Each structure stands twice: as structure tokens, then as C-alpha cells.
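# Geometric and topological summary
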Amino acid sequence: MSSKTYRLGVLEGDGIGPEIVPSSVEIATAAARAAGVSVDWVTLPLGAAAIETHGTPVPEETKDALAGLDGWYLGPHDSVGYPEPHKSALNPSGTLRKHFQLFANIRPAKSFPGAKAVCDNADLVIVRENTEGFYADRNTFAGTGEFMPTPDTAIMLGIITREATERVARVAFDLARSRRKKLTIVHKANVLKLTTGLFRTVCQEVAEDYPDVAVDDFHIDAMTVHLVRRAQDFDVIVTENMFGDILSDLAGEISGSLGTAPSINSSATAAMAQASHGSAPDIAGRNIANPVAMILSGAMLFEWLAAKHGDEKLAAVAKIIEQGVADAIAAGTSTRDLGGSASTTEFTAAVIKAIGAGQ
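Just so it is clear, the structure is predicted and the values come from calculations on it, not from any experiment.

The next point concerns the domain arrangement of the protein. Domain boundaries in the protein define domain 1 (1–101 + 267–358) and domain 2 (117–255). Taking only C-alpha atoms into account, the centre of domain 1 sits 25 Å from that of domain 2. Each partner contributes residues to the interface: domain 1 has six residues there, and domain 2 has 10 residues. Of the roughly 620 Å² buried between domain 1 and domain 2, counting both surfaces, carbon and sulfur atoms make up 38%.

So this is what it looks like as C-alpha cells:
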């Protein structure tokens, strides 16, 4: 048993969150037990339920508690369904990313066995800068960078800074160095010459410190075509906020399904596991949601913790989770979006059984 007990937050969120997050925690608990790792799970209020109990979707007590934890699981949120003024405010995910300066959104897209992948051999990672760019709600200290000076005019600020670009570029290059040593910069410098031009330039400057990594770059519009035609040729892609959001959803579908697309949001000191998909309120409470993306996001969190703490047992937890999911699906158990008939709880039980059988 690892000498340290890792304390991880549990934020179930909205919609299918209260189904897929407990599934992920249950599986991670089984994997941690198998790897000899002690985990203390701390459940905290967030989302629509927190509005009812605390008057806000992200209570201050939640943010205070998260600051003392090693990391946390964030379920999807349905901020569109919140009452005003919460509906128009920064959503829970954005609030936590901004509050904790989780500047790197890391989203793998790997062709998934059992899913209907457009590209059967895709294996890439999109590293998305998470604190500025062309998402106006990330660009100001107070309020947002989106406003209307008249009822008929809307303005959005798009901000790119050297500091934010350099730090996310180094995360991307470090990741590329640990994989196939290929990195692609995505921008729109032919039109947005100053903003995304600066993003491209800073990434190219950082590349000088990584002579072992091959670097190319593409405009965002061309990149969408390249992903559809030849996703298998890409390794690590680094880009600004909005471009990264769009590309990662596209890559998730190309590699099989957003239901299998994991991600983490991280800084140098904190990390949050968060599936790439939304809250799917249309199927909430029916026990049919696919928990794979959330489960694998948890595995990514354990990988991140392993690197931070130098604890190989945490890396073992991640591998056990990933293998358990793969084994369960290979044995014929999957949710209906992957062509199976298993419920969320049945799939969870199958993964836990696979973890037990693998020990």
C-alpha cells in the first residue's frame, strides 16, 4: 500500500453526471485497491443541486475544499438549464478552470475498439490553451470579454499572451517528447495575424528547446480537413482555446464517439478530470449513459498525479482502469451507443469484474 493517501474531490454535476461520476469513482476505487493505493474521496456540491442548497452552482466552500485536495473529478453540467442569473454567468467548468488557472486542457483521441471510428488507427492528443484566446469569458479579471454597447452590436475580446502560450506550448512539447515526437501548431495567422500569429510564433520559439520533436503547423480550417482525411498522421496538436474546443470534438467523433473521449484540465499544481461530452439531460436518470469518457478521464488524472508525485503505483491505477474498460468491451459488454445493450451500472460492474480477473 502506498504510504500516502490521495484525497480526490467528487463533483457529480448535472444530467448524467450523478450516474457516470459514481461509476468512475467505483471503478477507480477498485483499481486503486488492486494497485495498493489509498484514496480518500471527498464529495462536494456543484451544479443545479448546489443552486438549490447554496444559491450558486459553484459554492465558495467547494472552491476552498478543492484547493486542499490532490485533484478532482468534475461531472458534466447543464448550465443552459440553470435559472438566471446563473444561466448567463460563467459555467461551473469555466469557473473552476479560471479560478485554479487550469491552463492546459489535454484531450486524447484514440480509435476505440468497439466504437464506429471514422479513422481506425487514430492516436493523437489535442492540447488546448484554456485561459484566454477567443473564448471571451476567460479573458478578463472581472466580468467577461463579451459585451453589447448597443442592442444591435456585440463585441468579443480575443486575447493571446506570450506567457500563456509559452506555458501551454511546453506542456504540449513535453507530451510530444514522451510519445512519437511530432507536434502540430494550429492557428489562423493568415487572417488573425497579430493574435494567432503570436501564438504560432511563441510555439515555434519554444520548439527550439525541443530539437528532437518534429514540428509543423496548419491553419484551423485546413486542419479540420486533415483530421478527417488522415487523423492517423498526427501525434500532439497544440492550439488556442476555441480552436482546441472545436478540433477536440471533431477528433473525438473521428476516433469513435464523444462518449469515449476523456480529458483533464491542469496547471502545474492542480488537475481536474472531465469528460469531453456534455450532460445529456435527455437520457439523464435512465441508467443508459456511457461512462467510458469519465472513467478514462479519471485514468488521465491518475497519470498526471503519478508524474507530479513520482508515484509509480498511481500510474498502475491508470493502466488498470484502462485495461478494465478495454477488457469489458472486448468481452462483449458495452452501452448502446457502442452497439451493446448494457446499462451504466451493468457496464460498471463488468469493468470492476475485469479488474478483479486481471489481478
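And the narrative resumes.
In this structure, the largest pocket occupies an estimated 1,300 Å³ of space. Elements with a contribution of two residues or more to the lining of the largest pocket: β4 (104–110), β5 (123–129), α5 (162–178), β11 (264–266), α9 (292–309) and α10 (312–330). By residue number, the principal contributor to the lining of the largest pocket is α9, which donates seven residues. Among the residues forming the lining of the largest pocket, the class breakdown is 21 nonpolar, eight polar and eight charged. Both domains that furnish three or more residues to the lining of the largest pocket are identified here as domain 1 (1–101 + 267–358) and domain 2 (117–255). The space that makes up the second largest pocket amounts to roughly 590 Å³. Lining the second largest pocket we find 31 residues, and of these His77, Asn91, Ser93, Arg138 and Asp245 sit closest to its centre. At the level of elements, α4 (92–99) and α8 (241–254) are the ones that each hand at least two residues to the lining of the second largest pocket. Sort the elements by how many residues they give to the lining of the second largest pocket and α4 lands first, with three residues. Across the lining of the second largest pocket, the residue classes tally to 10 nonpolar, 13 polar and eight charged. A domain-level breakdown of the lining of the second largest pocket finds at least three residues from each of domain 1 (1–101 + 267–358) and domain 2 (117–255).

Moving on, we come to the sheet that holds strand β3 (residues 71–74). Ordered in space as β2-β1-β3-β12-β11-β4-β5-β10-β8-β9, the 10 strands form an open sheet in which the pairing is mixed. Both outer strands of the open sheet, β2 (38–43) and β9 (214–219), are each paired with one neighbouring strand and no more. When strand polarity is set aside, the average angle formed by the axes of neighbouring strands in this sheet is 25°. With four bridges connecting them, β5 and strand β10 (residues 236–239) associate as parallel partners. Paired with Val127 across the bridge in β10 is Val238. Most of the contacts of helix α6 (residues 195–207) go to strand β8 (residues 182–187), to which it runs at about 160°, and overall it touches β5, β8, β9 and β10.

In this section: the pattern of salt bridges. Scanning the entire structure with this criterion turns up 16 salt bridges. The salt bridge involving Asp70 is made with Lys4; its shortest N-O contact spans 3.8 Å. Pair noted here: Asp70 is in the loop between α3 (60–66) and β3 and Lys4 is in the segment before β1 (5–11), with a separation of 66 residues, a long-range link. The exposure class assigned to Asp70 is buried, which follows from its relative accessible area of 12%. The salt bridge involving Arg179 is made with Asp123; its shortest N-O contact spans 3.4 Å. Note that Arg179 is positioned in the loop between α5 and β8 and Asp123 in strand β5, a separation of 56 residues in sequence. Taking relative accessible area as the criterion, Arg179 reaches 26% and is therefore assigned partly exposed. Judged by relative accessible area, Asp123 falls into the partly exposed class, the value being 25%. Among the charged side chains, a network of salt bridges with common partners joins Arg107, Arg128, Asp245 and Asp249.

When you line up the elements, Thr260 lands in the loop between α8 and β11. If near-sequence neighbours (up to four positions away) are discounted, Thr260 is found in contact with Phe112, Asn290, Val292, Ala293, Leu296 and Leu338.

Conventions adopted
- Residues numbered from 1 in each chain as written.
- Predicted model: local features only at pLDDT ≥ 70, side-chain atom pairs only at ≥ 80, totals over all residues.
- Heavy atoms only, no water.
- Domains from an automatic or database assignment.
- Contact = heavy atoms within 4.5 Å.
- Buried area = accessible area lost by both parts, 1.4 Å probe.
- 1 Å grid on protein atoms, 1.4 Å probe; cavity = no way out; pocket = protein on both sides within 12 Å on 5 of 7 lines; lining within 4 Å.
- Points joined across faces, edges and corners; volume = space filled by probe spheres on them.
- Helix = DSSP H or I, 4+ residues; strand = E, 2+ residues; numbered from the N terminus.
- Nonpolar A, V, L, I, M, F, W, Y, C, P; charged D, E, K, R; others polar.
- Pairing = 2+ DSSP bridges.
- Axes fitted to C-alpha atoms, helices over the stretch in contact; angles between N-to-C directions.
- Salt bridge = Lys/Arg side-chain N within 4 Å of Asp/Glu carboxyl O.
- Buried < 20%, exposed > 50% of the residue type's maximum accessible area, 1.4 Å probe, protein only.

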